[in-house]
Amino acid sequence: MPHALPPAFTIVPPNGPLSGRVSPPGSKSITNRVLLLAALANGTSRLTGALKSKDTTLMAQALRQMGVTVEESDDTTFLVTSTGRLRAPAGPLFLGNAGTATRFLTAAVATIEGTVIVDGDEDMRLRPIKPLVDALNALGIDASSPTGCPPVTVRGTGRFGKGRVEIDASLSSQYVSALLMAAPFGEGPIEVALAGKDIGARGYVDLTLAAMRAFGADVADNGEGAWLVQPTGYGATDFHIEPDASAATYLWGIEALTGGKIDLGVAAEAFTQPDAAAQQVIAAFPNMPEVIDGSQMQDAVPTMAVVAAFNNRPVRFVGIGNLRVKETDRIRAVANELNRIRPGLAVEDGDDLLVHSDPELMKAASRTATSRIQTYHDHRIAMSFALAGLRIGGITILDPACTGKTYPDYWDMLQGLGVELIPGQ
Ligand SMILES: O=C(O)C1=C[C@@H](OP(=O)(O)O)[C@@H](O)[C@H](O)C1
Ligand SMILES: C=C(OP(=O)(O)O)C(=O)O
């Protein structure tokens, strides 16, 4: 959104169903993967359908700091030209709270001969990165993060190691993706193997493998949580990025809560991103299942939890432990803010989230009590709680600009569907 946003928006519940044509922005996950892979490839790659948002701008800027030319010929295209090697930047890389950029670059900068500091904002400095640093150390790379979170200092020699490396990915699948994408720069084949229990969000590793192969990598999946990557480097290529499935969940939420029909221009089955699985769950509204395993569609959990508040029966979200180390502790944030709307609407039960659904809320559009929703610098808390405002009067979303992390046009999109937003403090 080019214009500045107010400190708060109060949402006026629409009188009827919201329908229309809305194209979600490009996938954040895929955009930040292919930006990096194009930067690691010799030649020029044209990336179309890309997301232009805070997270991808931070990635592009970091790549420019390392000698890569990243041009933007239009709102959805990046033209990336590189020698195929990153150069040591003059200063630290600042990556805000972009988990993808921070994790992916921590491994990628180890291919540089020189010292690189990978850092983020105050929220990113609370998000664990030690398992990735440990794996880099095991490959013989000098990397350290005194707090176990960014900043990370990587003192690269230009050699990325070889052989088998184990990674504990229980906190984040991004560690695996980071290692895999850097692995074609090994001195020999590198086997990346999961340590301990399986990861949630396995679908993100599949996205990584698909992007790597598109840029010419040779990576074999042994099917048991290990991948063998050959030392081929990457080749430049043109790549079209699909729309963002996590962004699509808000559109499916709008359909469910208002009874409208939104044409996304892409079928739910056509997405390759894991969050697309949320479509069926949301479409079951008002009869969403009693137990939802969020492990394979983690970023969709705040959306599903807000919709679940209006469901015919309570919903327990399981498999969501690592939501506590996303942009904020999302289990706590969703529970807090649902309870702000109506005390007792949600409880944290260990690492489960229990939403005590209340179908009466569907009739509450005339309510005037104000709920000022805290958003904790978390785009998904802002976007998902805006959905509650479509059924309940008096919902105010604080810091609406935080959606710029992945969906800068979110509020324009709502207004385009006919939703009235009242700017406020
Ligand atoms: O690889 C990716 O693109 C992502 C992986 C997930 O994070 P974790 O692997 O940290 O769970 C997801 O929450 C994030 O938004 C994007
Ligand atoms: C968890 C998220 O982002 P990231 O880890 O890339 O910061 C998200 O977009 O919901």
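Residue numbering note: each chain is counted from 1, following its sequence as written. Key to labels: chains lettered from A, ligands numbered from 1, both in the order written. The model is predicted, so local features are restricted to residues of pLDDT at least 70 and side-chain atom pairs to those at 80 or more, both for listing and for counting; the totals for chains, interfaces and linings are taken over all residues. Hydrogens and water are ignored here; the side-chain numbers use all heavy atoms of the structure.

1. With respect to the layout of surface pockets
Right, so step 1: Think of a 1 Å grid over just the protein atoms. A cavity is a set of points where a 1.4 Å probe fits yet cannot get out, a pocket is an open set with protein on both sides within 12 Å along at least five of seven lines, and lining residues have an atom within 4 Å of a point. Grid points are joined across faces, edges and corners, and a volume is the space filled by probe spheres set on the points. Roughly 400 Å³ of internal volume is contained in the largest pocket.
Right, so step 2: Forming the walls of the largest pocket are 20 residues, and the residues nearest its centre are Pro24, Pro25, Gly26, Thr76 and Asp409.
Right, so step 3: Residue-level mapping places the lining of the largest pocket at the junction of two domains, with at least three residues from each of domain 1 (8-25 + 243-424) and domain 2 (28-240).
Right, so step 4: In this structure, the second largest pocket spans a volume of roughly 260 Å³.
Right, so step 5: Looking at the lining of the second largest pocket, its residues break down into ten nonpolar, one polar and three charged. Residue ranges for the domains originate in an automatic or database domain assignment. Each residue receives one of three labels: charged for Asp, Glu, Lys and Arg, nonpolar for Ala, Val, Leu, Ile, Met, Phe, Trp, Tyr, Cys and Pro, and polar for the others, Gly being one of them.

2. A closer look at the domain arrangement of the chain
You'll often see interface size given as the accessible area lost when the parts meet.
Right, so step 1: Per the domain assignment, the segments of the chain are domain 1 (8-25 + 243-424) and domain 2 (28-240).
Right, so step 2: On a C-alpha basis, the centroid separation for the pair domain 1 and domain 2 is 30 Å.
Right, so step 3: In this description, contact between two residues means that some pair of their heavy atoms is separated by no more than 4.5 Å. Facing 20 residues of domain 1, the contacting portion of domain 2 comprises 24 residues.
Right, so step 4: Across the interface of domain 1 and domain 2, roughly 1600 Å² is buried in total on both sides, 50% from carbon and sulfur atoms.
Right, so step 5: Interface area lost by domain 1 to domain 2 is led by Pro274, Val325 and Lys405, which between them contribute 31%.
Right, so step 6: The rule for a salt bridge is simple: a side-chain nitrogen of Lys or Arg has to be within 4 Å of a carboxyl oxygen of Asp or Glu. Taken together, the links from domain 1 to domain 2 amount to one salt bridge. Buried area, as used here, totals the accessible surface that two parts lose on assembly, with accessibility defined by a 1.4 Å probe and the loss added over both.

3. Some thoughts on the site of ligand 1
Right, so step 1: If you check the shell around ligand 1, you find Lys28, Ser29, Arg33, Thr100, Ser172, Ser173, Gln174, Tyr204, Gln298, Asp299, Asn322 and Lys326 and nothing else.
Right, so step 2: One of the side-chain N or O atoms of Ser173 is found 2.5 Å from an oxygen atom in ligand 1.
Right, so step 3: Cavities and pockets are treated as containing a molecule whenever more than half of the molecule's atoms lie within 2 Å of their grid points. Mapping ligand 1 onto the cavity grids shows that it belongs to the largest cavity.
Right, so step 4: In this description a helix means any DSSP run of H or I spanning at least four residues, a strand means any run of E spanning at least two, and both kinds are numbered starting from the N terminus. Per-element accounting of the shell around ligand 1 gives the leading share, three residues, to helix H1 (residues 28-39).
Right, so step 5: Broken down by class, the residue content of the shell around ligand 1 amounts to one nonpolar, seven polar and four charged.
Right, so step 6: The residue makeup of the shell around ligand 1 includes at least three contributed by each of domain 1 (8-25 + 243-424) and domain 2 (28-240). One heavy atom within 4 Å of a molecule or strand makes the whole residue count as near it. Under this definition, polar contacts are N or O atom pairs within 3.5 Å; protein pairs additionally need one hydrogen-donor-capable and one acceptor-capable atom, and for neighbouring residues in sequence, both atoms have to be side-chain atoms.

4. Focus on helix H11 (residues 379-388)
Right, so step 1: Most of H11 sits inside the fold, with ten of its ten residues counted as buried.
Right, so step 2: Classification of residues uses two cut-offs on accessible area relative to the type maximum, computed with a 1.4 Å probe and protein chains only: under 20% is buried, over 50% is exposed, and between them is partly exposed. Those residues of H11 that fall on the buried side of the exposure criterion are His379, Arg380, Ile381, Ala382, Met383, Ser384, Phe385, Ala386, Leu387 and Ala388.
Right, so step 3: Capping of H11 at its N-terminal end is provided by Asp378; its side-chain oxygen lies 2.9 Å from the backbone amide nitrogen of Arg380.

5. A short note on helix H3 (residues 99-108)
Right, so step 1: Summarising burial for H3: ten of the ten residues are buried, a large majority.
Right, so step 2: Among all positions in H3, only Gly99, Thr100, Ala101, Thr102, Arg103, Phe104, Leu105, Thr106, Ala107 and Ala108 are buried.

6. Section: the sheet that holds strand S12 (residues 219-221)
In any sheet, the strands associate via hydrogen bonds between backbone groups, in a parallel or an antiparallel arrangement.
Right, so step 1: The mixed open sheet is built from four strands, whose spatial order is S10-S11-S13-S12. Two strands close off the open sheet at either side, each with one partner strand: strand S10 (163-167) and S12. Sheet twist, expressed as the mean angle between neighbouring strand axes with direction ignored, is 20°.
Right, so step 2: Interaxial angle, 0 to 180 degrees, is taken between N-to-C directions of lines fitted to C-alpha atoms, where a helix line uses only the stretch in contact. Across the sheet, helix H6 (residues 202-214) touches strand S11 (190-194), S12 and strand S13 (226-229), and the angle it forms with S12 is around 150°. Following DSSP output, two strands are said to pair if at least two bridges run between them.

7. Observations regarding the UniProt feature "binding site: 3-phosphoshikimate" (unreviewed entry) in the chain
Right, so step 1: UniProt positions are given in the numbering used here, feature names are shortened, and annotations may be inferred rather than shown by experiment. In the numbering used here, UniProt assigns the "binding site: 3-phosphoshikimate" (unreviewed entry) feature to Lys28, Ser29, Arg33, Ser172, Ser173, Gln174, Asp299, Asn322 and Lys326. If you take the residues mentioned a moment ago, the ones lining the largest cavity come down to Lys28, Ser29, Arg33, Ser172, Ser173, Gln174, Asp299, Asn322 and Lys326.
Right, so step 2: Take Asn322: it is sitting in the loop between strand S18 (315-318) and helix H10 (330-341).
Right, so step 3: Accessibility expressed as a relative area gives 12% for Asn322, which makes it buried.
Right, so step 4: Setting aside anything within four residues of it in sequence, one finds Asn322 in contact with Ser170, Leu171, Ser172 and Gln298.
Right, so step 5: Topologically, Lys326 is positioned in the loop between S18 and H10.
Right, so step 6: In this structure the side chain of Lys326 is engaged in a polar contact, spanning 2.6 Å, whose partner is the side chain of Gln298.

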